Amino acid sequence: MKTKAKILFVIAVMTLVTVSVFRWNNRIDEDQQIAEVREKGCVFMTTFGEESSEGYAKHKINKKVQPIIEDGLSWLAQAQLKNGGYGAGSHSRQGEMNPHAVNADPATTSMVAMAILRSGSNLKGGMYKQQLNKALKYLLETVEAVSKDDTYITSEKGTQIQTKLGNNIDAVLTAQFFSNLLKGDLDAATKKRVERCLDICVDKIQRATGQDGKVKGAGWAGVLQSGLAASALESAGSVGATLDEVVVTSQKTYLKENYDEKSASVKTADGAGIILYSVSNSARGAAKDARKARELIDKAKKEGKLKQDDKVTVANLQDIGVSEEEAISYASSYNIYNASKQKAQQNDVMSGFGNNGGEEFLSFLQTGESMVVNDDAEWTTWYDNISGRLMKIQNEDGSWNGHHCITSPVFCTATSLLILSIENDIDNLKLTGEG
(Lines give C-alpha, C1' and ligand atoms only; values in the text may rest on other atoms or scores of the structure.)
Protein backbone atom coordinates (compact mmCIF):
# COMPACT_ATOMS: atom_id res chain seq x y z
CA MET A 1 0.00 0.00 0.00
CA LYS A 2 2.85 2.34 0.86
CA THR A 3 4.41 1.76 -2.55
CA LYS A 4 1.07 2.46 -4.26
CA ALA A 5 0.64 5.65 -2.21
CA LYS A 6 4.08 6.86 -3.24
CA ILE A 7 3.29 6.22 -6.90
CA LEU A 8 0.03 8.18 -6.63
CA PHE A 9 1.82 11.04 -4.88
CA VAL A 10 4.46 11.22 -7.62
CA ILE A 11 1.77 11.25 -10.32
CA ALA A 12 -0.09 14.05 -8.52
CA VAL A 13 3.06 16.13 -8.20
CA MET A 14 3.95 15.63 -11.89
CA THR A 15 0.42 16.63 -12.91
CA LEU A 16 0.61 19.79 -10.78
CA VAL A 17 3.98 20.70 -12.25
CA THR A 18 2.71 20.15 -15.80
CA VAL A 19 -0.33 22.36 -15.20
CA SER A 20 1.83 25.08 -13.60
CA VAL A 21 4.29 25.02 -16.49
CA PHE A 22 1.40 25.27 -18.97
CA ARG A 23 -0.08 28.23 -17.13
CA TRP A 24 3.31 29.90 -16.81
CA ASN A 25 3.96 29.54 -20.56
CA ASN A 26 0.54 31.05 -21.29
CA ARG A 27 1.32 33.92 -18.92
CA ILE A 28 4.61 34.53 -20.75
CA ASP A 29 2.77 34.54 -24.07
CA GLU A 30 0.26 37.07 -22.73
CA ASP A 31 3.02 39.29 -21.36
CA GLN A 32 4.83 39.14 -24.69
CA GLN A 33 1.65 40.14 -26.51
CA ILE A 34 1.16 43.11 -24.18
CA ALA A 35 4.80 44.09 -24.64
CA GLU A 36 4.38 43.96 -28.40
CA VAL A 37 1.41 46.32 -28.21
CA ARG A 38 3.27 48.72 -25.91
CA GLU A 39 6.66 48.38 -27.62
CA LYS A 40 9.25 50.62 -25.98
CA GLY A 41 12.95 51.21 -26.36
CA CYS A 42 14.25 53.64 -28.93
CA VAL A 43 11.07 55.60 -29.40
CA PHE A 44 10.52 57.06 -32.88
CA MET A 45 13.50 55.20 -34.30
CA THR A 46 10.80 52.82 -35.52
CA THR A 47 9.00 54.66 -38.27
CA PHE A 48 5.29 54.53 -38.90
CA GLY A 49 5.96 53.38 -42.44
CA GLU A 50 8.20 50.48 -41.44
CA GLU A 51 5.74 48.64 -39.23
CA SER A 52 2.36 47.40 -40.30
CA SER A 53 -0.61 48.24 -38.09
CA GLU A 54 -2.43 45.15 -39.32
CA GLY A 55 -4.14 43.50 -36.38
CA TYR A 56 -4.54 46.78 -34.49
CA ALA A 57 -7.74 47.84 -36.24
CA LYS A 58 -9.73 46.33 -33.37
CA HIS A 59 -8.49 49.02 -30.95
CA LYS A 60 -11.18 51.49 -29.97
CA ILE A 61 -10.94 54.57 -27.82
CA ASN A 62 -13.00 53.11 -24.98
CA LYS A 63 -10.94 49.91 -24.67
CA LYS A 64 -7.27 49.59 -25.54
CA VAL A 65 -6.70 53.23 -26.41
CA GLN A 66 -8.22 54.90 -23.35
CA PRO A 67 -5.51 53.74 -20.89
CA ILE A 68 -2.90 55.05 -23.31
CA ILE A 69 -4.61 58.45 -23.32
CA GLU A 70 -4.82 58.47 -19.52
CA ASP A 71 -1.09 57.73 -19.20
CA GLY A 72 -0.30 60.62 -21.57
CA LEU A 73 -2.55 63.06 -19.71
CA SER A 74 -1.01 62.10 -16.39
CA TRP A 75 2.47 62.79 -17.77
CA LEU A 76 1.39 66.17 -19.16
CA ALA A 77 -0.15 67.19 -15.82
CA GLN A 78 3.25 66.75 -14.21
CA ALA A 79 5.00 68.65 -17.01
CA GLN A 80 3.23 71.98 -16.42
CA LEU A 81 5.46 74.91 -15.46
CA LYS A 82 4.83 77.21 -12.48
CA ASN A 83 3.43 80.00 -14.66
CA GLY A 84 0.81 77.65 -16.08
CA GLY A 85 2.48 77.28 -19.45
CA TYR A 86 4.23 74.42 -21.20
CA GLY A 87 7.36 74.57 -23.32
CA ALA A 88 8.97 72.67 -26.19
CA GLY A 89 12.41 74.12 -25.59
CA SER A 90 14.78 75.88 -27.94
CA HIS A 91 15.96 74.72 -31.34
CA SER A 92 19.54 74.91 -30.12
CA ARG A 93 18.81 72.36 -27.36
CA GLN A 94 16.75 69.71 -29.12
CA GLY A 95 18.17 67.00 -26.90
CA GLU A 96 16.58 68.48 -23.76
CA MET A 97 13.78 66.12 -22.72
CA ASN A 98 13.11 67.50 -19.24
CA PRO A 99 9.82 69.46 -19.49
CA HIS A 100 10.83 71.61 -16.51
CA ALA A 101 14.17 72.66 -18.00
CA VAL A 102 12.58 74.79 -20.76
CA ASN A 103 10.66 78.06 -20.99
CA ALA A 104 6.93 78.18 -21.64
CA ASP A 105 5.75 79.12 -25.10
CA PRO A 106 2.18 79.78 -26.35
CA ALA A 107 2.28 77.24 -29.18
CA THR A 108 3.14 74.28 -26.97
CA THR A 109 0.82 75.46 -24.18
CA SER A 110 -2.06 75.67 -26.65
CA MET A 111 -1.41 72.17 -27.96
CA VAL A 112 -1.49 70.77 -24.42
CA ALA A 113 -4.60 72.77 -23.54
CA MET A 114 -6.38 71.46 -26.65
CA ALA A 115 -5.36 67.90 -25.78
CA ILE A 116 -6.80 68.28 -22.26
CA LEU A 117 -9.97 69.85 -23.62
CA ARG A 118 -10.46 67.15 -26.26
CA SER A 119 -9.79 64.41 -23.70
CA GLY A 120 -12.82 65.38 -21.62
CA SER A 121 -11.87 68.09 -19.12
CA ASN A 122 -13.07 71.69 -19.28
CA LEU A 123 -12.70 74.85 -17.19
CA LYS A 124 -15.43 73.76 -14.81
CA GLY A 125 -14.88 70.04 -14.44
CA GLY A 126 -12.80 67.00 -15.25
CA MET A 127 -9.63 65.52 -13.81
CA TYR A 128 -7.42 68.15 -15.46
CA LYS A 129 -9.50 71.30 -15.08
CA GLN A 130 -6.83 72.82 -12.82
CA GLN A 131 -4.12 72.42 -15.47
CA LEU A 132 -6.48 73.77 -18.14
CA ASN A 133 -7.37 76.87 -16.13
CA LYS A 134 -3.70 77.60 -15.44
CA ALA A 135 -2.82 77.19 -19.11
CA LEU A 136 -5.64 79.53 -20.13
CA LYS A 137 -4.50 82.14 -17.63
CA TYR A 138 -0.96 82.00 -19.05
CA LEU A 139 -2.22 82.33 -22.65
CA LEU A 140 -4.65 85.18 -21.94
CA GLU A 141 -2.03 87.17 -20.07
CA THR A 142 0.53 86.54 -22.83
CA VAL A 143 -1.79 87.73 -25.61
CA GLU A 144 -3.11 90.69 -23.63
CA ALA A 145 0.45 91.92 -23.09
CA VAL A 146 1.14 92.48 -26.80
CA SER A 147 0.38 95.66 -28.69
CA LYS A 148 -1.40 95.92 -32.02
CA ASP A 149 1.89 96.83 -33.69
CA ASP A 150 3.66 93.70 -32.44
CA THR A 151 4.23 91.08 -35.13
CA TYR A 152 4.01 88.15 -32.75
CA ILE A 153 2.12 87.29 -29.56
CA THR A 154 5.23 86.27 -27.64
CA SER A 155 8.74 87.52 -26.98
CA GLU A 156 9.97 83.93 -26.73
CA LYS A 157 12.12 83.31 -29.80
CA GLY A 158 14.01 80.40 -31.33
CA THR A 159 11.73 77.65 -30.04
CA GLN A 160 11.66 74.25 -31.70
CA ILE A 161 8.12 74.92 -32.89
CA GLN A 162 8.93 78.33 -34.42
CA THR A 163 12.11 77.14 -36.12
CA LYS A 164 10.48 74.12 -37.72
CA LEU A 165 6.98 75.42 -38.44
CA GLY A 166 7.26 79.21 -38.58
CA ASN A 167 7.61 82.34 -36.47
CA ASN A 168 3.84 82.95 -36.35
CA ILE A 169 2.90 79.47 -35.15
CA ASP A 170 2.21 80.72 -31.61
CA ALA A 171 -0.64 82.96 -32.79
CA VAL A 172 -1.94 80.16 -35.03
CA LEU A 173 -2.17 77.45 -32.38
CA THR A 174 -3.38 79.84 -29.69
CA ALA A 175 -6.19 81.01 -31.97
CA GLN A 176 -7.16 77.38 -32.55
CA PHE A 177 -7.33 76.74 -28.80
CA PHE A 178 -9.41 79.86 -28.12
CA SER A 179 -11.87 78.84 -30.87
CA ASN A 180 -12.19 75.34 -29.44
CA LEU A 181 -12.78 76.77 -25.98
CA LEU A 182 -15.51 79.13 -27.21
CA LYS A 183 -17.51 76.15 -28.48
CA GLY A 184 -18.03 75.12 -24.87
CA ASP A 185 -19.87 76.64 -21.90
CA LEU A 186 -18.02 79.69 -20.57
CA ASP A 187 -19.07 82.33 -18.05
CA ALA A 188 -19.72 85.77 -19.54
CA ALA A 189 -16.50 87.39 -18.29
CA THR A 190 -14.24 84.57 -19.49
CA LYS A 191 -16.01 84.37 -22.84
CA LYS A 192 -15.55 88.08 -23.49
CA ARG A 193 -11.88 87.90 -22.59
CA VAL A 194 -11.24 84.85 -24.79
CA GLU A 195 -13.09 86.43 -27.73
CA ARG A 196 -10.99 89.58 -27.44
CA CYS A 197 -7.76 87.56 -27.39
CA LEU A 198 -8.94 85.41 -30.29
CA ASP A 199 -9.47 88.57 -32.35
CA ILE A 200 -5.89 89.64 -31.57
CA CYS A 201 -4.54 86.26 -32.75
CA VAL A 202 -6.69 86.30 -35.90
CA ASP A 203 -5.40 89.80 -36.70
CA LYS A 204 -1.78 88.62 -36.31
CA ILE A 205 -2.40 85.62 -38.59
CA GLN A 206 -4.15 87.63 -41.30
CA ARG A 207 -1.54 90.39 -41.28
CA ALA A 208 1.19 87.76 -41.58
CA THR A 209 -0.42 86.08 -44.61
CA GLY A 210 1.00 87.18 -47.95
CA GLN A 211 -0.90 87.55 -51.21
CA ASP A 212 0.32 84.09 -52.18
CA GLY A 213 -1.53 82.58 -49.21
CA LYS A 214 1.60 81.64 -47.30
CA VAL A 215 2.03 82.72 -43.69
CA LYS A 216 5.24 84.74 -43.46
CA GLY A 217 8.21 83.73 -41.36
CA ALA A 218 7.98 80.13 -42.54
CA GLY A 219 10.23 77.61 -40.88
CA TRP A 220 11.79 74.37 -42.09
CA ALA A 221 8.34 72.97 -42.94
CA GLY A 222 6.41 76.18 -43.52
CA VAL A 223 3.53 74.48 -45.31
CA LEU A 224 2.47 73.09 -41.93
CA GLN A 225 2.25 76.59 -40.44
CA SER A 226 0.11 77.72 -43.39
CA GLY A 227 -2.09 74.64 -43.17
CA LEU A 228 -2.62 75.09 -39.44
CA ALA A 229 -3.30 78.80 -39.99
CA ALA A 230 -6.07 77.98 -42.47
CA SER A 231 -7.55 75.54 -39.95
CA ALA A 232 -7.35 78.15 -37.19
CA LEU A 233 -9.14 80.80 -39.25
CA GLU A 234 -11.86 78.32 -40.23
CA SER A 235 -12.42 77.49 -36.57
CA ALA A 236 -12.37 81.16 -35.57
CA GLY A 237 -14.98 81.94 -38.21
CA SER A 238 -17.22 79.15 -36.91
CA VAL A 239 -17.40 80.88 -33.50
CA GLY A 240 -18.11 84.35 -34.87
CA ALA A 241 -14.69 85.90 -35.46
CA THR A 242 -14.53 88.37 -38.35
CA LEU A 243 -12.34 87.05 -41.16
CA ASP A 244 -10.78 88.66 -44.20
CA GLU A 245 -12.20 86.51 -47.00
CA VAL A 246 -9.37 87.53 -49.33
CA VAL A 247 -6.90 86.00 -46.86
CA VAL A 248 -9.01 82.88 -46.35
CA THR A 249 -9.31 82.32 -50.11
CA SER A 250 -5.60 82.88 -50.72
CA GLN A 251 -4.70 80.37 -47.99
CA LYS A 252 -6.97 77.70 -49.43
CA THR A 253 -5.68 78.31 -52.94
CA TYR A 254 -2.07 78.00 -51.80
CA LEU A 255 -2.73 74.74 -49.94
CA LYS A 256 -4.65 73.21 -52.83
CA GLU A 257 -1.92 74.17 -55.30
CA ASN A 258 0.54 71.96 -53.44
CA TYR A 259 -1.23 69.05 -55.12
CA ASP A 260 -1.67 69.04 -58.89
CA GLU A 261 -4.85 67.06 -59.58
CA LYS A 262 -4.06 66.63 -63.30
CA SER A 263 -0.58 65.19 -62.94
CA ALA A 264 -1.12 63.78 -59.41
CA SER A 265 2.20 65.39 -58.47
CA VAL A 266 3.04 66.99 -55.14
CA LYS A 267 4.90 70.25 -54.57
CA THR A 268 7.19 69.81 -51.58
CA ALA A 269 9.34 72.95 -51.73
CA ASP A 270 7.58 74.45 -48.69
CA GLY A 271 7.42 71.10 -46.91
CA ALA A 272 11.12 70.35 -46.51
CA GLY A 273 10.86 68.01 -49.50
CA ILE A 274 8.49 65.71 -47.59
CA ILE A 275 5.35 64.62 -49.44
CA LEU A 276 3.46 63.90 -46.20
CA TYR A 277 3.65 67.51 -45.01
CA SER A 278 2.25 68.85 -48.27
CA VAL A 279 -0.57 66.39 -48.98
CA SER A 280 -1.90 66.32 -45.43
CA ASN A 281 -2.33 70.08 -45.55
CA SER A 282 -3.73 70.00 -49.08
CA ALA A 283 -6.42 67.67 -47.77
CA ARG A 284 -7.08 69.94 -44.81
CA GLY A 285 -7.23 73.07 -46.95
CA ALA A 286 -9.72 71.50 -49.38
CA ALA A 287 -11.87 69.64 -46.83
CA LYS A 288 -14.59 72.23 -46.21
CA ASP A 289 -15.22 73.04 -49.88
CA ALA A 290 -15.02 69.36 -50.80
CA ARG A 291 -17.79 68.67 -48.30
CA LYS A 292 -19.85 71.52 -49.74
CA ALA A 293 -19.49 70.07 -53.25
CA ARG A 294 -20.56 66.60 -52.13
CA GLU A 295 -23.53 67.94 -50.16
CA LEU A 296 -24.76 70.01 -53.12
CA ILE A 297 -24.67 66.96 -55.39
CA ASP A 298 -26.34 64.72 -52.78
CA LYS A 299 -29.10 67.28 -52.24
CA ALA A 300 -29.72 67.51 -55.98
CA LYS A 301 -30.01 63.72 -56.19
CA LYS A 302 -32.64 63.67 -53.44
CA GLU A 303 -34.58 66.37 -55.23
CA GLY A 304 -34.45 64.42 -58.49
CA LYS A 305 -32.32 67.00 -60.29
CA LEU A 306 -29.49 64.52 -60.83
CA LYS A 307 -29.22 60.77 -61.32
CA GLN A 308 -28.08 58.63 -58.39
CA ASP A 309 -24.84 57.69 -60.12
CA ASP A 310 -23.91 61.27 -61.08
CA LYS A 311 -20.52 62.41 -59.79
CA VAL A 312 -19.14 65.68 -58.45
CA THR A 313 -18.14 67.45 -61.65
CA VAL A 314 -18.09 71.04 -62.87
CA ALA A 315 -20.88 70.27 -65.36
CA ASN A 316 -23.15 68.67 -62.76
CA LEU A 317 -22.62 71.51 -60.31
CA GLN A 318 -23.48 74.03 -63.00
CA ASP A 319 -26.59 72.02 -63.93
CA ILE A 320 -27.96 72.51 -60.41
CA GLY A 321 -27.40 76.26 -60.42
CA VAL A 322 -23.84 76.74 -59.17
CA SER A 323 -21.94 79.47 -61.00
CA GLU A 324 -19.12 78.42 -63.30
CA GLU A 325 -16.44 79.97 -61.05
CA GLU A 326 -17.77 78.26 -57.91
CA ALA A 327 -18.34 74.98 -59.74
CA ILE A 328 -14.71 74.89 -60.87
CA SER A 329 -13.49 75.70 -57.35
CA TYR A 330 -15.76 73.17 -55.61
CA ALA A 331 -14.98 70.36 -58.05
CA SER A 332 -11.26 71.05 -57.75
CA SER A 333 -11.44 70.99 -53.94
CA TYR A 334 -13.36 67.72 -54.06
CA ASN A 335 -10.81 66.04 -56.31
CA ILE A 336 -7.79 67.39 -54.45
CA TYR A 337 -9.21 66.40 -51.07
CA ASN A 338 -9.88 62.81 -52.10
CA ALA A 339 -6.54 62.38 -53.86
CA SER A 340 -4.58 64.02 -51.03
CA LYS A 341 -6.20 62.07 -48.21
CA GLN A 342 -5.47 58.79 -49.98
CA LYS A 343 -1.88 59.82 -50.66
CA ALA A 344 -1.39 60.96 -47.06
CA GLN A 345 -2.35 57.50 -45.77
CA GLN A 346 0.05 55.48 -47.91
CA ASN A 347 2.67 53.71 -45.80
CA ASP A 348 5.57 55.05 -47.86
CA VAL A 349 4.25 58.61 -47.51
CA MET A 350 3.45 58.26 -43.81
CA SER A 351 7.09 57.45 -43.12
CA GLY A 352 7.68 61.18 -43.65
CA PHE A 353 11.26 62.17 -42.96
CA GLY A 354 12.27 58.56 -42.38
CA ASN A 355 11.67 58.74 -38.66
CA ASN A 356 9.24 60.80 -36.68
CA GLY A 357 9.27 64.28 -35.23
CA GLY A 358 6.43 66.57 -34.23
CA GLU A 359 5.93 67.47 -37.90
CA GLU A 360 4.86 63.91 -38.69
CA PHE A 361 2.38 63.93 -35.83
CA LEU A 362 0.91 67.23 -36.98
CA SER A 363 0.55 65.84 -40.50
CA PHE A 364 -1.29 62.77 -39.22
CA LEU A 365 -3.55 65.06 -37.17
CA GLN A 366 -4.27 67.30 -40.17
CA THR A 367 -5.22 64.27 -42.27
CA GLY A 368 -7.61 62.93 -39.64
CA GLU A 369 -9.22 66.27 -38.87
CA SER A 370 -9.71 67.00 -42.56
CA MET A 371 -11.68 63.77 -42.87
CA VAL A 372 -13.91 64.65 -39.93
CA VAL A 373 -14.44 68.23 -41.14
CA ASN A 374 -15.44 66.74 -44.49
CA ASP A 375 -17.85 64.36 -42.70
CA ASP A 376 -15.96 61.54 -44.40
CA ALA A 377 -16.98 58.12 -43.01
CA GLU A 378 -13.51 56.77 -43.81
CA TRP A 379 -12.08 58.63 -40.81
CA THR A 380 -12.68 55.49 -38.70
CA THR A 381 -10.31 53.48 -40.89
CA TRP A 382 -7.70 56.22 -40.53
CA TYR A 383 -8.22 56.21 -36.76
CA ASP A 384 -7.87 52.45 -36.32
CA ASN A 385 -4.67 52.57 -38.34
CA ILE A 386 -3.02 55.51 -36.61
CA SER A 387 -4.06 54.57 -33.06
CA GLY A 388 -2.47 51.16 -33.45
CA ARG A 389 0.73 52.77 -34.64
CA LEU A 390 0.82 55.27 -31.78
CA MET A 391 0.20 52.63 -29.13
CA LYS A 392 3.35 50.81 -30.11
CA ILE A 393 5.72 53.72 -29.59
CA GLN A 394 4.56 55.36 -26.38
CA ASN A 395 7.27 55.79 -23.74
CA GLU A 396 7.05 53.91 -20.45
CA ASP A 397 6.29 57.15 -18.60
CA GLY A 398 3.27 57.88 -20.82
CA SER A 399 4.89 60.43 -23.12
CA TRP A 400 5.89 60.45 -26.78
CA ASN A 401 8.92 62.27 -28.19
CA GLY A 402 10.36 62.98 -31.60
CA HIS A 403 13.54 61.65 -33.12
CA HIS A 404 14.24 64.63 -35.38
CA CYS A 405 13.41 68.33 -35.59
CA ILE A 406 10.53 68.76 -33.10
CA THR A 407 11.76 66.33 -30.46
CA SER A 408 9.91 67.89 -27.51
CA PRO A 409 8.08 65.24 -25.46
CA VAL A 410 5.54 67.86 -24.37
CA PHE A 411 4.60 68.88 -27.90
CA CYS A 412 4.66 65.33 -29.30
CA THR A 413 2.61 63.96 -26.41
CA ALA A 414 -0.03 66.68 -26.79
CA THR A 415 -0.27 66.06 -30.54
CA SER A 416 -0.53 62.31 -30.07
CA LEU A 417 -3.36 62.77 -27.57
CA LEU A 418 -5.19 65.08 -29.97
CA ILE A 419 -5.04 62.27 -32.53
CA LEU A 420 -6.08 59.50 -30.15
CA SER A 421 -8.99 61.43 -28.62
CA ILE A 422 -10.36 62.86 -31.89
CA GLU A 423 -13.58 60.87 -31.45
CA ASN A 424 -14.50 63.20 -28.57
CA ASP A 425 -14.42 66.22 -30.89
CA ILE A 426 -16.45 64.94 -33.82
CA ASP A 427 -19.32 67.40 -33.41
CA ASN A 428 -17.06 70.47 -33.13
CA LEU A 429 -14.98 69.48 -36.15
CA LYS A 430 -18.06 68.81 -38.24
CA LEU A 431 -19.41 72.22 -37.20
CA THR A 432 -16.23 73.78 -38.59
CA GLY A 433 -16.98 72.19 -41.96
CA GLU A 434 -20.55 73.48 -42.18
CA GLY A 435 -21.61 76.52 -44.13
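Preceding this section is the structure that the text describes.
Residues numbered from 1 in each chain as written. Predicted model: local features only at pLDDT ≥ 70, side-chain atom pairs only at ≥ 80, totals over all residues. Heavy atoms only, no water.

Mind laying out the packing of helix α4 (residues 129-144) against helix α6 (residues 169-182), listing which residues take part and the relevant values?
At a minimum axis distance of 12 Å, the contact between α4 and α6 shows a crossing angle of 125 degrees. If you check the angle between α4 and α6, you find them oblique. Here the hand of the crossing between α4 and α6 comes out left-handed. Each of L132, L136, L139, L140 and V143 in α4 lies in contact with α6, whose residues at this interface are T174, F177, F178 and L181. (Axes fitted to C-alpha atoms, helices over the stretch in contact; angles between N-to-C directions. Helix = DSSP H or I, 4+ residues; strand = E, 2+ residues; numbered from the N terminus. Parallel < 35°, antiparallel > 145°, perpendicular 65-115°, else oblique. Left-handed = near helix turned anticlockwise from the far one by under 90°. Contact = heavy atoms within 4.5 Å.)

Which residues make up helix α7 (residues 188-208), and what values do they have?
Compared with an ideal rise of 1.5 Å per residue, which puts 21 residues at 30 Å, α7 spans 30 Å between its outermost C-alpha atoms and is within 8% of the ideal. All of the buried residues along α7 are T190, V194, C197, L198, C201, V202, K204, I205, Q206 and A208. Residue D187 occupies the N-cap position of α7, its side-chain oxygen lying 3.2 Å from the main-chain nitrogen of A189. (Expected span 1.5 Å × (residues − 1). Buried < 20%, exposed > 50% of the residue type's maximum accessible area, 1.4 Å probe, protein only. Polar contact = N/O pair within 3.5 Å; in protein donor to acceptor, adjacent residues only side chain to side chain.)

Run through the pattern of salt bridges, naming residues and quoting values.
Following the criterion strictly, the structure yields 9 salt bridges and no others. When the shortest N-O distance is used, the salt bridge between E141 and K137 registers 2.9 Å. One end of the pair is E141 and the other is K137, both in helix α4 and 4 residues apart, which spans about a single turn. The exposure class of E141 is partly exposed, given its relative accessible area of 40%. You can call K137 partly exposed: its relative accessible area is 49%. (Salt bridge = Lys/Arg side-chain N within 4 Å of Asp/Glu carboxyl O.)

Tell me about empty space enclosed by the protein, residues and numbers included.
Under the definition given, this model contains 3 cavities of 30 Å³ or more. As a volume, the largest cavity reaches approximately 210 Å³. Along the walls of the largest cavity sit 21 residues, with M114, R118, Q176, N180 and E369 positioned nearest its centre. Those elements that provide at least two residues to the lining of the largest cavity are α3 (106-118), α6, α8 (222-238), α14 (358-373) and α17 (426-432). Here the residues of the lining of the largest cavity are counted per class, giving 9 nonpolar, 7 polar and 5 charged. (1 Å grid on protein atoms, 1.4 Å probe; cavity = no way out; pocket = protein on both sides within 12 Å on 5 of 7 lines; lining within 4 Å. Points joined across faces, edges and corners; volume = space filled by probe spheres on them. Nonpolar A, V, L, I, M, F, W, Y, C, P; charged D, E, K, R; others polar.)

If you had to explain the environment of L81 to someone new, which residues and values would you point to?
Inspection of the secondary structure assignment puts L81 in the loop between α2 (61-79) and α3. The class for L81 is buried, based on a relative accessible area of 13%. Taking the C-alpha atoms as reference, L81 lies 8.9 Å from V102; in sequence the two are 21 residues apart.

So, the environment of N98: which residues are in play, and what are the values?
Looking at the element boundaries, N98 is found in the loop between α2 and α3. The sequence separation of N98 and V410 amounts to 312 residues, and the corresponding C-alpha distance is 9.2 Å. A distance of 3.0 Å separates a polar atom in the side chain of N98 from the backbone nitrogen of H100.

So what's going on with the state of the cysteines? Which residues, and what values?
According to the stated counting rule, one finds 0 disulfides in the structure shown. Considering cysteine sulfurs only, C201 is the nearest to C197, which forms no disulfide, with 6.9 Å between them. The buried category is assigned to C197, whose relative accessible area is 0%. (Disulfide = S-S within 2.5 Å.)

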